[in-house]
Amino acid sequence: MEILRSVCPYDCPDTCGLLIYKEGETVVKVQGDPEHSFTRGTLCPKMAHYERTVYSKRRLLTPLLRSGPKGSGAFTPVSWEEAIGLIADKWKGIIAQYGAEAILPYSYAGTMGLVQRNAGHPFFYSLGASRLERTICSPAKDYGWKAVMGQTIAPHPGELQASDLIILWGISALATDIHIVHDINIAKAKGAKVWLIDTYETPTAKISDQVILVRPGSDGALALGMLHVIARDKLADQHFIRQYVQGYEELAATVLPQYTPAAVSKITGIAAGTIEELARQYAAAEAPFIRMGSGLSRYGNGAMTVRILTCLPAVCGAWKKNGGGVLTGTTTAGAFDSKLITREDLQKSATRLINMNELGHALNEVKAPPVMGLYVYSSNPAITAPDQNRVLQGLAREELFTVVHERFLTDTANYADVVLPATTSLEHSDLYRAYGHYVVQRAFKVINAVGQSKSNWEVFCLLAAAMGIDEPFFQQTEDALIDSILAKPTSWLQQTEMEKLRQGYPVDLPLPDEYKLQFQTPSGKIEIINPREEDPLPKYFEPYGDKAEFWLVNSPDARILDSSFNEREDLTKNNTMILQMNPGDAAQKGLKDGQLVVAWNERGKAVFTLKTSAKVPAAVVVTEGVWWLEHAVGDRSVNVLTSQRLTDKAKGSTFYDVKVNVIAHTDSCHIEGR
Ligand SMILES: Nc1nc2c(c(=O)[nH]1)N[C@H]1C(S)=C(S)[C@@H](COP(=O)(O)OP(=O)(O)OC[C@H]3O[C@@H](n4cnc5c(=O)[nH]c(N)nc54)[C@H](O)[C@@H]3O)O[C@H]1N2
Ligand SMILES: Nc1nc2c(c(=O)[nH]1)N[C@H]1C(S)=C(S)[C@@H](COP(=O)(O)OP(=O)(O)OC[C@H]3O[C@@H](n4cnc5c(=O)[nH]c(N)nc54)[C@H](O)[C@@H]3O)O[C@H]1N2
Ligand code: SF4
Ligand SMILES: [Mo]
């Protein structure tokens, strides 16, 4: 048996180190790598049997050509030569008639490896295709953090161990960031308290001492209420503020007075006494640490919410203590020079930008030119993009030529004219950095490609040749590209153990001494007041909402990751489209536990099995997971309810800023569907 190193490729902050056990050419076991300093040898249940995904009976093994109506899933196998030839012919026709901007790439988080994730960029730049604005995940969170902290290095997650008050704010850590539980447990053993601030009692409540339920989209008001109490009772760290913060006095004088606990209670649904108590305990903590998730940023006020929350540690001086601060995501973009892969220089001129959250709009309404060719890779927008009815309507357009490069016949692939089989991460090489820690790693290909599958990099090299793009960049292997990146390490990377990195070991990016007090903003201070912002001081405003009865919270399910792992029967056998509702609300509506219900709004409707639960507050309903249609009772999943509206800043998604009505399934024939 051979043991080889690899990295979990999924869009998860933990980016675990893997040990792959190989017998002959076959992977027989996958384990966590104990040498990985953050993930320390453990994996989540999804990846503990990664071999079941790699060798799934459902893997696509050959290219496929559509042989039935769009969406029917009828395909016939073809050779790679035929498939690439056909794509090139179609694209040349589209370019001749409409111009290259009529071709749109669509990709996101299937793999986080820098080479495979970005492999399409140099190709589509060379082609002159439309550019995709990849803002489906958390740009509003990044924006809010940067508005206050600029380019400041985010705290190391290991700081959690030294905190005495840990706040899991809008993060379902047991599903999405499980390895911090290790650090949290170390802190708890030393007496730290853990708060969970969420919209319902998520499974993460299990590791929390106190659960605070906030009305969806109102966290900014809660933070202003806490700051009001801190200012009123003179609990701010004046010494720290004088040295390191700008704008606290202005905030305290002009914004905070109206956010009394009573006023904030009305907005958030949290009792005024609790707000007082939270503020006092936060201010009294030695080293309070906020681990902030993305949930609260996916609202019409999301960027501002994050901006307000980011002011809390500044006012209390949390940054000066080991264990204090706020972590929205680690700042590892500077580890590798990604321009060496994306090759923006291959672009002749900047082409139009299409926002990925508005795919439904782009496919149906955008003209001059219309989208005539769509190339989807590393993503499953039929399921994961908002406003599913509009997305499916667009994908069904007969004149749209769609290519999907995938590991499985997803709902998106079902609408393709040509499907190309993709490798899993064990079948190609890559470079990884993380957004939840500071470890980087190179992963070599572990096994040969399953079936005829090819990596993203390989396919774009074939497409470049077929489209007559005569650029030597596309004539190298992915390993050669990785070698060339490692041959020109950034100054940060040079400080790591480069030789170990080249050989495929996990290595730590070092952080400078005292990095937490080096505030990299134009003023050199933490900017509660930011003169470059339209609103120089933070302020609260309402999220969008819809004209409907219940807030719909659609949070992550621990068994799947976005729509990845839906292929795994062992993980997804049952309990898929569940809608949780407070028992009081259910009784009032005459709905019973276990019955089928329909959640609907102006955009569409989806069928769920109702589960009454006291963990969900009144006026909120919860569904976990983003499910393939085969796991749905009806013909749509959760994104039929979400909208294409964008966040206040940075054009992010607003998946949580949604309201729905809920009725018994038997009554649903009365709703107008779209
Ligand atoms: N198992 C699993 N792991 C995953 C994923 C998955 O789908 N499943 N997705 C991956 C991806 S792509 C990402 S971006 C990360 C995201 O992971 P996180 O950063 O944890 O963010 P979310 O999963 O979007 O949402 C987390 C929580 O926000 C809560 N929430 C929603 N609205 C509000 C609000 O207004 N206020 C507060 N306080 N809380 C709110 C939700 O109930 C949920 O519990 O996780 C990654 N990891
Ligand atoms: N309702 C709702 N919708 C959401 C969210 C939510 O919380 N609620 N979360 C949103 C967030 S944060 C995100 S990031 C998006 C993510 O949405 P997507 O980007 O669609 O991510 P996945 O659903 O994981 O789909 C990735 C696909 O890529 C394929 N794949 C994996 N590796 C490769 C590869 O190497 N090459 C190719 N060609 N394909 C590969 C996988 O088989 C999988 O089908 O979803 C968003 N959608
Ligand atoms: S999905 Fe996340 S927790 Fe699970 S193995 Fe991958 S990186 Fe680790
Ligand atoms: Mo995401």
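Residues numbered from 1 in each chain as written. Chains lettered and ligands numbered in written order. Predicted model: local features only at pLDDT ≥ 70, side-chain atom pairs only at ≥ 80, totals over all residues. Heavy atoms only, no water.

The protein chain is annotated in an unreviewed UniProt entry as Putative oxidoreductase YoaE of uncultured Sporomusa sp. Quoted verbatim from the Cofactor (unreviewed entry) field of UniProt, the annotation for the protein chain is "Mo-bis(molybdopterin guanine dinucleotide)". Database annotation for the protein chain, UniProt heading Sequence similarities (unreviewed entry): "Belongs to the prokaryotic molybdopterin-containing oxidoreductase family." (UniProt positions renumbered as here; feature names shortened; annotations may be inferred.)

*Asks:* Give a description of helix α17 (residues 388-395) that names residues and reports values.
*Replies:* What sets the pattern is the α-helix's 3.6 residues per turn: residues three or four places apart point alike. The buried count for α17 comes to seven of eight residues, which makes it a mostly enclosed element. Those residues of α17 lying buried are Gln388, Asn389, Arg390, Val391, Leu392, Gly394 and Leu395. Of the surrounding secondary structure, the elements contacted by the buried residues of α17 are α15 (359-364), β15 (373-377), α16 (381-384) and β25 (604-612). (Buried < 20%, exposed > 50% of the residue type's maximum accessible area, 1.4 Å probe, protein only. Helix = DSSP H or I, 4+ residues; strand = E, 2+ residues; numbered from the N terminus. Contact = heavy atoms within 4.5 Å.)

*Asks:* Hey, could you go over the domain arrangement of the protein chain for me, with residue numbers and the actual values?
*Replies:* By convention, interface size is frequently given as the accessible area that disappears when the constituent parts associate. Structurally, the protein chain comprises domain 1 (64-134 + 337-432 + 439-508), domain 2 (139-331) and domain 3 (550-670). If you average the C-alpha positions of domain 2 and of domain 3, the two centres end up 28 Å apart. Here domain 2 meets domain 3 over a buried area of about 1,800 Å², counting both sides, of which 66% is carbon and sulfur. Among the residues of domain 2 in contact with domain 3, Tyr200, Arg298 and Tyr299 are the three that bury the most area, contributing 35% of the side total. Among the elements of the structure, α5 (139-149), α6 (173-176) and α13 (302-315) are those that each provide at least two residues to the side of domain 2 that touches domain 3. For the side of domain 2 that touches domain 3, a count of residues per class yields 11 nonpolar, eight polar and three charged. (Domains from an automatic or database assignment. Buried area = accessible area lost by both parts, 1.4 Å probe. Nonpolar A, V, L, I, M, F, W, Y, C, P; charged D, E, K, R; others polar.)

*Asks:* Help me get a handle on the site of ligand 3, residues and values and all.
*Replies:* Around ligand 3 sit Cys8, Cys12, Asp14, Thr15, Cys16, Leu43, Cys44, Lys46, Met47, His179 and Leu561, and those are all the residues in its vicinity. Of the residues in the shell around ligand 3, the class split is seven nonpolar, two polar and two charged. (Near = heavy atom within 4 Å.)

*Asks:* If you had to explain the UniProt feature "domain: 4Fe-4S Mo/W bis-MGD-type" (unreviewed entry) in the protein chain to someone new, which residues and values would you point to?
*Replies:* Those places that UniProt annotates as "domain: 4Fe-4S Mo/W bis-MGD-type" (unreviewed entry) correspond, in this numbering, to residues 1-58. Within residues 1-58, the helical portion is 9% and the strand portion 34%, while the C-alpha atoms at the span's ends are 27 Å from each other.

*Asks:* Would you mind going over the site of ligand 2 in detail, with residue names and values included?
*Replies:* Among the 32 residues in the neighbourhood of ligand 2, the closest are listed as Thr384, Glu406, Asn554, Ser563 and Ser564. A distance of 3.2 Å is found between an oxygen atom of ligand 2 and a backbone nitrogen or oxygen belonging to Ala109. One nitrogen or oxygen atom from the main chain of His405 is found 2.9 Å from a nitrogen atom belonging to ligand 2. In isolation ligand 2 has 920 Å² of accessible area, and contact with the protein removes 96% of it. Tallied by class, the residues present in the shell around ligand 2 amount to 12 nonpolar, 15 polar and five charged. Taken domain by domain, the shell around ligand 2 gets at least three of its residues from each of domain 1 (64-134 + 337-432 + 439-508) and domain 3 (550-670). (Polar contact = N/O pair within 3.5 Å; in protein donor to acceptor, adjacent residues only side chain to side chain. Areas by Shrake-Rupley, 256 points an atom, 1.4 Å probe, with all protein chains shown as cover.)

*Asks:* For the nonpolar core, give the residues involved together with the corresponding values.
*Replies:* Soluble globular proteins: nonpolar side chains tend toward being buried together. Among the nonpolar cores identified, the biggest contains 129 residues, and Trp91, Phe123, Phe124, Trp169, Tyr282 and Tyr375 are the most heavily contacted of them. Mapping this core onto the domain boundaries places at least three of its residues in each of domain 1 (64-134 + 337-432 + 439-508) and domain 2 (139-331). The residues contacting Tyr282, other than those within four sequence positions of it, are Leu165, Ile167, Trp195, Met226, Ile230, Pro288, Ile290, Leu312, Pro313, Cys316 and Ala318. By size, the runner-up hydrophobic cluster in this structure holds 43 residues, among which are Val30, Met47, Ile447 and Val640. (Core = buried A, V, L, I, M, F, W, Y, C linked by side-chain atoms within 4.5 Å.)

*Asks:* Kindly report on the sheet that holds strand β3 (residues 26-32), identifying the contributing residues and their values.
*Replies:* Ordered by their spatial adjacency, three strands build an open sheet running β1-β2-β3, and the pairing between neighbours is antiparallel. Strand pairing shows two members of the sheet lacking a second neighbour, β1 (2-7) and β3, which therefore form its edges. Across the sheet, the axes of successive neighbouring strands diverge by a mean angle of 30°, strand direction being ignored. Sheet topology note: the β1/strand β2 (residues 17-23) ladder contains six bridges and is antiparallel. From the neighbouring strand, Ile3 faces β2, where its bridge partner is Tyr21. (Pairing = 2+ DSSP bridges. Axes fitted to C-alpha atoms, helices over the stretch in contact; angles between N-to-C directions.)

*Asks:* Would you mind going over the pattern of salt bridges in detail, with residue names and values included?
*Replies:* A complete count under the given rule lists 37 salt bridges for this structure. With a closest N to O distance of 3.5 Å, Glu499 and Arg502 form a salt bridge. Of this pair, Glu499 and Arg502 both sit in helix α21 (residues 498-503), three residues apart, which is roughly one turn of that helix. Using a relative accessible area of 46% as the deciding quantity, one classes Glu499 as partly exposed. (Salt bridge = Lys/Arg side-chain N within 4 Å of Asp/Glu carboxyl O.)

*Asks:* Now, about the environment of Glu567: what can you tell me, with residues and values included?
*Replies:* Relative to the helices and strands, Glu567 resides in the loop between β22 (550-555) and α22 (569-572). Placed 158 residues apart in sequence, Glu567 and Leu409 show a C-alpha to C-alpha distance of 9.3 Å. There is a polar contact of 3.0 Å between the side chain of Glu567 and the backbone nitrogen of Phe565.

*Asks:* Just give me the short version of the packing of aromatic side chains, but keep the residues and values in it.
*Replies:* What the rule picks out here adds up to 23 aromatic pairs. Ring plane angle 35° and centroid distance 5.6 Å describe the contact between Phe123 and Phe460, whose orientation is recorded as tilted. Highlighted residues: Phe123 in helix α4 (residues 120-127) and Phe460 in helix α18 (residues 456-466), separated in sequence by 337 residues. According to the relative accessible area criterion, Phe460 is buried, its value standing at 0%. Positioned above the aromatic ring of Trp80, the side-chain terminus of Lys454 is 5.3 Å from the ring centre. (Phe/Tyr/Trp six-rings, centres within 6.5 Å; stacked < 30°, edge-to-face > 60°. Lys NZ or Arg CZ within 6 Å of the ring centre and 35° of its normal.)

*Asks:* Describe in detail the sheet that holds strand β20 (residues 507-508), supporting the description with residues and values.
*Replies:* An order of β18-β19-β20 is seen for the three strands of this open sheet, with the pairing classed as antiparallel. Both edges of this open sheet fall to β18 (430-432) and β20, since each of them pairs with a single strand only. Two elements, β18 and strand β19 (residues 439-443), share three bridges in a ladder whose sense is antiparallel. Looking at the pairing, Leu431 lines up with Arg442 of β19.

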